[in-house]
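# A look at the structure
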Amino acid sequence: MKNKMLCSLAAMANFGLRKKIVFFFLVLSFCEVKSQTPRSYTSSEILLQLKKLNVLGSVLYIAAHPDDENTRLLAYLANEKLYRTGYLSLTRGDGGQNLIGDEQGVDLGLIRTQELLAARRVDGAEQFFSRAFDFGFSKSPEEALRIWGHDKILSDVVWVIRKFKPDVIITRFPTTGEGGHGHHTASAILAGEAFDAAADPTKFPEQLKYVSIWQAKRLLWNTFNFGTTNTQRDDQFKLECGDYNPILGKSYGEIAATSRSMHKSQGFGVPAQRGSVIEYFKTIKGAAPVNDLMDGIDLSWSRVTKENIENTINDIFKNYDVQHPEKSDAALVKLYTDLDKINDPYWKTLKQAEIKKIIENCSGLFMEAVANTQYAVQGDSLKVTLTVNNRSGANILSADVQIDTTYLIFDQLKKNMNATRNYTWFIEPDTKLTQPYWLENQKDKGSFNVSEQQLIGKGENDPLSVNFSMMVEGKEFVFTKPVYYKYTDPVKGEIYQPVNIIPAFSVSSIPQLSINHGASNKWEIKSYRDDNRFKKYIINSEGKVLGTDIDTLLSKNQTVRIQTSVNWDPYILFDSLGNDLTKGVFIHEEIPYKFDKKPYLQLQNINYDHIPSIAYTRPTVFTAKMFDLKTVGNYAGYIPGAGDKIPEALEQMGYKVVTLKQSDMTAANLRQFDVIVTGVRTYNTNEWMNNVYDALMQYVKEGGVLFTQYNTSNQIGPVRAKIAPYPFTISRNRITDEEAKVNFLIPDHKALNYPNKITDKDFEGWIQERSIYNAENIDTAYRRILSMKDPGENEQDGSLIIANYGKGRFVYTGLVFFRELPAGVPGAYRLFANLIANKRVKYIK
C-alpha cells in the first residue's frame, strides 16, 4: 500500500567500493495463474446473464493503482446496469509496501495483479493494465509522466480504449491534484488526452492494424468526499449505487466489500455496507448526462442490427426454467446462430461469447483438465486426466478434446456420468516457459517493455489450456479450459492451482547478496526431472573449457549444493553468463561438445491463500560487495512486522539474529541482546506489542538499543501499541526523491560518526525513495539527526530521531532501510550499523 495523501481515495475511495556481480543472464519467467477453484454458476446467476444479453453498453474506469478503483460503482455498473465494465489500472502496484510478507518490487506487482484479478471475479468487471511501472510515491504528475514515458503510456490508454470501445469513460481522480499522488493526477491527465486521441487516426496509427478508432460519448470524474477533501457538489450528476440485487442476494455495498477485501497485501479488508449510497460525477469532456449515465447512447440491439434480437432474448428469459436451465439450450443455440448475420464484429463477438458461456452454464457441463503435478518441465512428460460430465442430461453429443496436437474422443456422454481420458503430454525442451508478458524484456525505470501489441493491456497471459469440443443441440461448440493441478488439503479441502512450464533446473545462489565476505558462495541446483545431467566446467581466460570438475546425474526433485570461490583481483572479469574469465566455474546443462549459452534461472514461489500460487523464474544472481563497514555488537533480536529482509542483512553484517515472539519479551530475556530491531509496521500488525512496552523500555533503560522502523498511523494501519519512551507522532510525510540532498543537523552526533564516519557519499545509490512516515510533533528529548526535502518543498527533519533513555538508546526512522539493505546499498549499511551499535560490546569487528 502506498503512502497516499488521501490514504486510499479509491477505498472510500564509491568511496572505496569494489563490487563484483556473478550473474547468470537476466531473464524472468512467470507461471500463469487463474482462480484457485473454477467457478460454477447458480440458476439465478444464469438468469442475470440472460438479462445482460439485451444490454449493449460499456464503461471503462481509469485510475493509477490496485486499490484506486471504486469497487461499489464497478459492481453496480456490471451487475445492476449490466454494462460491460472494465477497470484500467495504469500500474500493477509494484512500488508500494506489503502488509502480508516481504515481497517488494516486481514480486509485489505479481501479488497485486492477482489480487486485482480476484477482485474483478467478485464484482464482475474486467481488468486491464498499461505498461507503467509503479516506481513509488510521486508528488507531481510531471514526474510520473516523465519517468513512465508520457507517449508510451498514453498509447496504452488509447489502445485499451480502442479495443474495449467504452461508451463512457470514468476517472477516479481529477487533473487538478486533489488525488494527492502524482500517479493519480497523471492517470486523469492521460485519460483526458486518450479520450480525444483514441478517435484521431493520426494518433498511434500502428494500432489501427488491429483496432479501429473510437470516440467515447463522455468523460466523467467520479468525485469523492474523503477526510478533509470534499469534491462533491449538488450540481453534479448523481447515481444511486447502494441498491440490493435480489437475484444475487446482496447489495452492491456487500459485493464491493468482498471485492475490496481481496487487496490483502494492502490491508484493505473492509466491512460490508448496506443502504443508500450516492455516487457523484463531474463531466470533463463530451455531453453531460442529465437523466442517465448513458444519455444519448443506444444500448439496445438496434445499434448494430435491424433483426429483432431483443424479443428473442426476452422470450428465452420469460421461458427460463430455474429448475431445468438446460431446457433453454435449443433457443440459445438458435440465438447464437442468428448473431452470425450481424455485421458489427465487436458486439457480435462479445455477445456470442456470452451466449456460449450461458449454454455451458445452463447445460451443467463439467469439463476439467487436471495434471499430476503443478510443474510442466521442459524435456519431461506431464500426465493429464481429462473429464467431461453432462450433469443435467442436456442434448450433447460427440465430445472430444484437443490437447497439444492430439484429439481424444470421449464415449457417449451419459447423464451425470464422468467420461475420462488420460494423456501423457511431452513438453519439448524448447517449449516456451510460461511467464508474464510484461517481464519478458528488460524493463525501463518507469515502464515495462512489451514487444507484442496484442498483449498490451491484458491482465495476465493465457494459461496452458486444452479445447473441449462437443455438439450441443446439433451445433458444435469449443470450450477452452485451463490445465490445473488439483489436490486435497486436509484443512482447506480441494485446491486448484495453475500448471506452469518451468526449466529443468533451478539454480539458486546462497546467499544472493554477500557483504564483505568475498565471492565464495554456495549454489543450490534442484532438478525437476529424472536423469538430469549437469556439469561444472573449469574454463580459461578465453572462455575455453579446460576440464570437468563435476559430472552428475540428478533425479527428479533432487537437490545438490556446490561451493565456488573467486578471489578479489580487481582485473577479474565476468561475462554475461557469469563465467569468471580467468579461472572461474560455470554450471550448465550438458550439450555435447558445445559450450551451453542457455541462461540459468531460479524458480521462485509466492503462496497466499487468497490468490492462486505464483511460481516464476528470475535470473540466478550472486552479488558480492566489499566496502568499509564496522559494526559494534553481535547479538540482535528481531520482532517481525508486516515483512522485510532485515534479518538477512543483520546476518550479513555478522550478527546472530533471534526472531522474537510475545512470550520472549521479558526483561530478563531481552538483556542478552545488543540491539532489538522491529520490522516494518510491527506496531501496526501486532496488538500484543502494547503488552510488552514496559519490558522493551526496561531493556533500553538498562543499556539496550531499540531500533524501530516505520509504522503508519491511519485508519488502514493504526498504531496498536505505545512505541517510544517520549512522545512523537507518525506523519504521512515522506521524501520520494532517492537522490535528495541529505543535511546533517548534528554533524558530531555518534549516529554519524561511530563506528563509521558518515558522509554525503553514503547517501549515493539509494533506490526508490529516502524516507516514509516520518516523525513529527517530536518531544525535545529526541535529537533530529537529518533533514532533506523533495523539490519545491520545505525541509523535513523527522526521518531519523534518537533519544537516550536510561543507559540505552531509542531510534525511530522512516529511512527505507527495508529497501536499501536488500539492494546492497553500502551507505545504508554503514548508517544502519551506527544506529544499532551498542557500546556495551568492547570490540569492533
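Structure: see above.
Described below are features of the structure shown in this document. This is a predicted model, so every value here is computed, not measured.

### Focus: empty space enclosed by the protein
One number sums up the size of the second largest cavity: a volume of about 60 Å³. What lines the second largest cavity is Gln97, Asn98, Gly101, Asp102, Glu103, Gln104, Gly643, Val680, Tyr710 and Phe818. Here the residues of the lining of the second largest cavity sort into 3 nonpolar, 5 polar and 2 charged.

### Describing helix 4 (residues 141-148)
Counting buried positions along helix 4 yields 6 of 8 residues, so the element is predominantly enclosed. Those residues of helix 4 that sit buried are Pro141, Glu143, Ala144, Leu145, Ile147 and Trp148. At its buried positions, helix 4 is contacted by helix 5 (150-164) and helix 6 (182-197).

### Remarks on the nonpolar core
If you look at the biggest cluster of nonpolar residues, it comprises 56 residues, and the most contacted ones within it are Leu386, Trp425, Val466, Phe468 and Met470. Among the elements that make up this core, the one with the highest residue count is helix 10 (residues 345-363) (6 residues). When neighbours within four sequence positions are excluded, Trp425 is seen to be in contact with Asp380, Ser381, Leu382, Val384, Ile403, Asp404, Leu464, Ser465, Val466 and Val483. Counting 47 residues, the second largest nonpolar core, distinct from the first, contains Phe135, Ile153, Val211 and Ala216.

### Some points on the side chain of Ser130
Within the element layout of this structure, Ser130 appears in the loop between strand 5 (126-129) and helix 4. A polar atom in the side chain of Ser130 sits 3.1 Å from the backbone nitrogen of Ala132. Not counting the four nearest positions on each side in its chain, Ser130 is found in contact with Leu88, Ser89, Leu90, Ile153 and Asp156.

### What about the packing of helix 1 (residues 43-52) against helix 10?
Contact geometry for helix 1 and helix 10: axes closest at 10 Å, N-to-C directions at 160 degrees. The orientation of helix 1 with respect to helix 10, classified from their angle, is roughly antiparallel. Helix-helix and strand crossings are classified by hand; for helix 1 and helix 10 the assignment is left-handed. Only Lys351, Glu354, Ile358, Asn361 and Cys362 of helix 10 make contact with helix 1, whose side of the interface consists of Ile46, Gln49, Leu50 and Lys52. Partitioned by chemical class, the residues of the contact of helix 1 with helix 10 number 4 nonpolar, 2 polar and 3 charged.

### With respect to the packing of helix 4 against helix 6
When two helices pack together, their arrangement is captured by the angle between the axes and the distance separating the axes. Their axes nearest at 7 Å, the elements helix 4 and helix 6 cross at an angle of 75 degrees. Between helix 4 and helix 6, the interaxial angle falls into the category roughly perpendicular. Contact residues: Pro141, Ala144, Leu145 and Trp148 in helix 4; Gly182, His183, Thr185, Ala186, Ile189 and Leu190 in helix 6.

Quick notes on the rules
Residues numbered from 1 in each chain as written. Predicted model: local features only at pLDDT ≥ 70, side-chain atom pairs only at ≥ 80, totals over all residues. Heavy atoms only, no water. 1 Å grid on protein atoms, 1.4 Å probe; cavity = no way out; pocket = protein on both sides within 12 Å on 5 of 7 lines; lining within 4 Å. Points joined across faces, edges and corners; volume = space filled by probe spheres on them. Nonpolar A, V, L, I, M, F, W, Y, C, P; charged D, E, K, R; others polar. Buried < 20%, exposed > 50% of the residue type's maximum accessible area, 1.4 Å probe, protein only. Helix = DSSP H or I, 4+ residues; strand = E, 2+ residues; numbered from the N terminus. Contact = heavy atoms within 4.5 Å. Core = buried A, V, L, I, M, F, W, Y, C linked by side-chain atoms within 4.5 Å. Polar contact = N/O pair within 3.5 Å; in protein donor to acceptor, adjacent residues only side chain to side chain. Axes fitted to C-alpha atoms, helices over the stretch in contact; angles between N-to-C directions. Parallel < 35°, antiparallel > 145°, perpendicular 65-115°, else oblique. Left-handed = near helix turned anticlockwise from the far one by under 90°.

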